[in-house]
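The lines below spell out each chain.
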Amino acid sequence: MPMIQIPDSDLKIIDQAIFLPMLLTVLKRDLAAVDNIPFKLKQPYHHVIENTIQEVQKDLSEANRYLYKNNIKIVRGKSKNNFTDYTVIYKGGKDQRHYFNAKIRNTVEELLDYYLVEHKAKE
């Protein structure tokens, strides 16, 4: 398969398909933590996290639909030496993507901030 250049608009959706599942994992873990912490008023935190999970799931579903319709596949490779590899099969070609694990963590944190703060402000 030849190596190819993927347009930025498609790379954005590919990144969503990679990072949003990680964000969901963080949110679900946080939801479980909220349930186990003795907050006086636990329900508001629970609602915020649950609503955020629903928004992220909706966006992830849209990204996955786009990938499916455009015959784009993402295959997670190995994690080694602080990097995680992904292969993107795109229109008959493939693109090897290497993500620095600290950058993955920072990106997921930025997404969390976006969904909890900026995304809410737009509503």
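Residues numbered from 1 in each chain as written. Predicted model: local features only at pLDDT ≥ 70, side-chain atom pairs only at ≥ 80, totals over all residues. Heavy atoms only, no water.

Visitor: Explain the overall build of the protein chain to me, and be specific about the residues and the numbers.
Guide: Broken down by element type, the protein chain carries three helices and three strands. For the protein chain, the succession of helices and strands along the chain, N to C, is α-α-β-β-β-α. Projecting the C-alpha coordinates of the protein chain onto the three principal axes gives extents of approximately 60 × 35 × 20 Å. By the burial criterion, 33% of the 123 residues in the protein chain qualify as buried. Contacts in the protein chain between residues far apart in sequence, at least 24 positions, make up 57% of those at least 6 positions apart. (Helix = DSSP H or I, 4+ residues; strand = E, 2+ residues; numbered from the N terminus. Buried < 20%, exposed > 50% of the residue type's maximum accessible area, 1.4 Å probe, protein only. Contact = heavy atoms within 4.5 Å.)

Visitor: Break down the environment of Arg-76 for me, citing the residues and quoting the values.
Guide: With respect to the helices and strands, the residue Arg-76 is situated in strand β1 (residues 72-80). For Arg-76, a relative accessible area of 53% puts it in the exposed group. Along the chain, Arg-76 and Ile-37 lie 39 residues apart, while their C-alpha atoms are 34 Å from each other. For Arg-76, the residues in contact, after removing those within four places along its chain, are Thr-84, Asp-85 and Tyr-86. A polar contact of 3.1 Å, which involves the side chain of Arg-76, links it to the side chain of Ser-79. Polar side-chain contacts of Arg-76 include one of 3.4 Å to the side chain of Tyr-86. (Polar contact = N/O pair within 3.5 Å; in protein donor to acceptor, adjacent residues only side chain to side chain.)

Visitor: Describe helix α1 (residues 8-36), with residues and values.
Guide: Taking 1.5 Å of rise per residue, the 29 residues of α1 would be expected to cover 42 Å, and the 41 Å separating its terminal C-alpha atoms lies within 8% of that figure. Where α1 bends most, the angle comes to about 30°, and this point is Phe-19, followed within four residues by the proline Pro-21. (Expected span 1.5 Å × (residues − 1). Bend = angle between axes of the 7 residues up to and from the residue.)

Visitor: Let's hear about the environment of Asn-82: which residues, and what values?
Guide: The topology assignment puts Asn-82 in the loop between β1 and β2 (83-90). Assessed through its relative accessible area of 52%, Asn-82 is described here as exposed. Residues Asn-82 and Pro-44 lie 38 residues apart in sequence; the distance between their C-alpha atoms is 37 Å. Sequence-distant contacts of Asn-82, defined by excluding residues within four places in its chain, comprise Tyr-99, Phe-100 and Asn-101.

Visitor: With reference to specific residues and values, describe the sheet that holds strand β3 (residues 93-100).
Guide: If you walk across this open sheet you meet the three strands as β1-β2-β3, and the pairing is antiparallel. Whereas interior strands pair on both sides, the edge strands pair on one side only; in this sheet they are β1 and β3. Neighbour to neighbour, the strand axes of the sheet diverge by 20° on average, direction disregarded. Here β1 runs beside β2; their pairing, made up of seven bridges, is antiparallel. Counterpart to Ser-79 in the pairing with β2 is Thr-84. Sitting on the sheet, α1 is in contact with β1, β2 and β3, with an inclination near 55° to β1. (Pairing = 2+ DSSP bridges. Axes fitted to C-alpha atoms, helices over the stretch in contact; angles between N-to-C directions.)

Visitor: Please set out the pairing of β2 residue by residue, giving values where relevant.
Guide: With respect to burial, β2 is a largely interior element, six of its eight residues being buried. Hairpin connection, β1 to β2: the antiparallel pair is bridged by two residues, and Asn-81 has positive phi, about 50°. Taken together, the eight bridges between β2 and β3 define a ladder with antiparallel strand orientation. Each bridged residue has a counterpart across the sheet, and for Tyr-90 the counterpart in β3 is Gly-93. Remark: two residues form the turn of the hairpin made by β2 and β3, two consecutive strands paired antiparallel; Lys-91 in that turn has positive phi of roughly 45°.

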